[in-house]
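# A structural walkthrough
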Amino acid sequence: MNCRTCLHISGEKHGQWQCKRYAVRLTEEQQQWGCKSHMYNPYLLVNFAEVLDAGDYWIKYVLKETGEIFISGEDPEQLSSREIRAVDDKSLLTDSNVSTLREAFNAELTEG
């Protein structure tokens, strides 16, 4: 997960890259960091999800396998890119027990 996989990145002339979310040009080193506002370019999730809707800083997806819906974004109730990347079993993204635990304990999904 880095700036080059983010929806907000834009390639410009002479090999420059700009973050449209924060309106800054990024060095190659900075592009490796990613940030808390990272949102996957939806084309990178096509193997398991399709976009249903989107807003300024959120994207609503449907899991292809189950038809269940999850939302990626910056708000605490939405899933971050780090959480989406962390789970191998993508059904956890829509699991009601996982959602309850995330909300009750201000928790997030992590690898491991």
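A brief report on the enclosed structure follows. (Residues numbered from 1 in each chain as written. Predicted model: local features only at pLDDT ≥ 70, side-chain atom pairs only at ≥ 80, totals over all residues. Heavy atoms only, no water.)

## Observations regarding the pairing of strand 6 (residues 69-73)
Successive side chains on a regular strand alternate, one facing one side of the sheet and the next facing the other. Heads up, the condition is: Two strands pair under a simple rule: DSSP has to find at least two bridges between them. Runs of E in the DSSP output that reach at least two residues are strands. Runs of H or I that reach at least four are helices, and both are numbered from the N terminus.
Bridge count between strand 5 (residues 58-63) and strand 6: five bridges; the pairing is antiparallel. Its bridge partner lying in strand 6, Tyr 61 is registered against Phe 70.

## Considerations on the pairing of strand 5
Of the strand pairs in this sheet, strand 4 (residues 49-55) and strand 5 are connected by six bridges, and their pairing is antiparallel. Its bridge partner lying in strand 5, Ala 54 is registered against Ile 59. With antiparallel pairing between neighbouring strands as the criterion, strand 4 and strand 5 make up a hairpin whose turn holds two residues. Once strand 5 ends, the chain turns through five residues before running back antiparallel as strand 6, passing Gly 67 with a positive phi of about 80°.

## Focus: the state of the cysteines
As a reminder of what qualifies: Two cysteine sulfur atoms make up a disulfide if the distance between them is within 2.5 Å. Note on classification: 1.4 Å probe, protein chains only; a residue is buried when its accessible area is under 20% of the maximum for its type, exposed when over 50%, partly exposed between these limits.
Taken as a whole, this structure holds zero disulfides when the rule is applied. Its sulfur unpaired, Cys 19 is 6.0 Å from the next cysteine sulfur, which belongs to Cys 35. Relative accessible area serves as the criterion here: at 10%, Cys 19 is assigned to the buried category. By relative accessible area, Cys 35 is classed as partly exposed at 31%.

## Topic: the nonpolar core
Inclusion rule: We call a set of buried residues a nonpolar core when its members are Ala, Val, Leu, Ile, Met, Phe, Trp, Tyr or Cys and they connect through side-chain atoms within 4.5 Å of each other. Whether two residues are in contact is decided by their heavy atoms: any pair within 4.5 Å suffices.
Counting residues in hydrophobic clusters, the biggest one holds 16 residues, and the most contacted among them are Phe 48, Phe 70, Ile 84 and Leu 93. Take this core: its biggest share by element is three residues, from strand 5. Aside from chain neighbours lying at most four places away, what touches Phe 70 is Phe 48, Ala 49, Ile 59, Lys 60, Tyr 61, Leu 63, Leu 79, Ile 84, Leu 93 and Thr 94.

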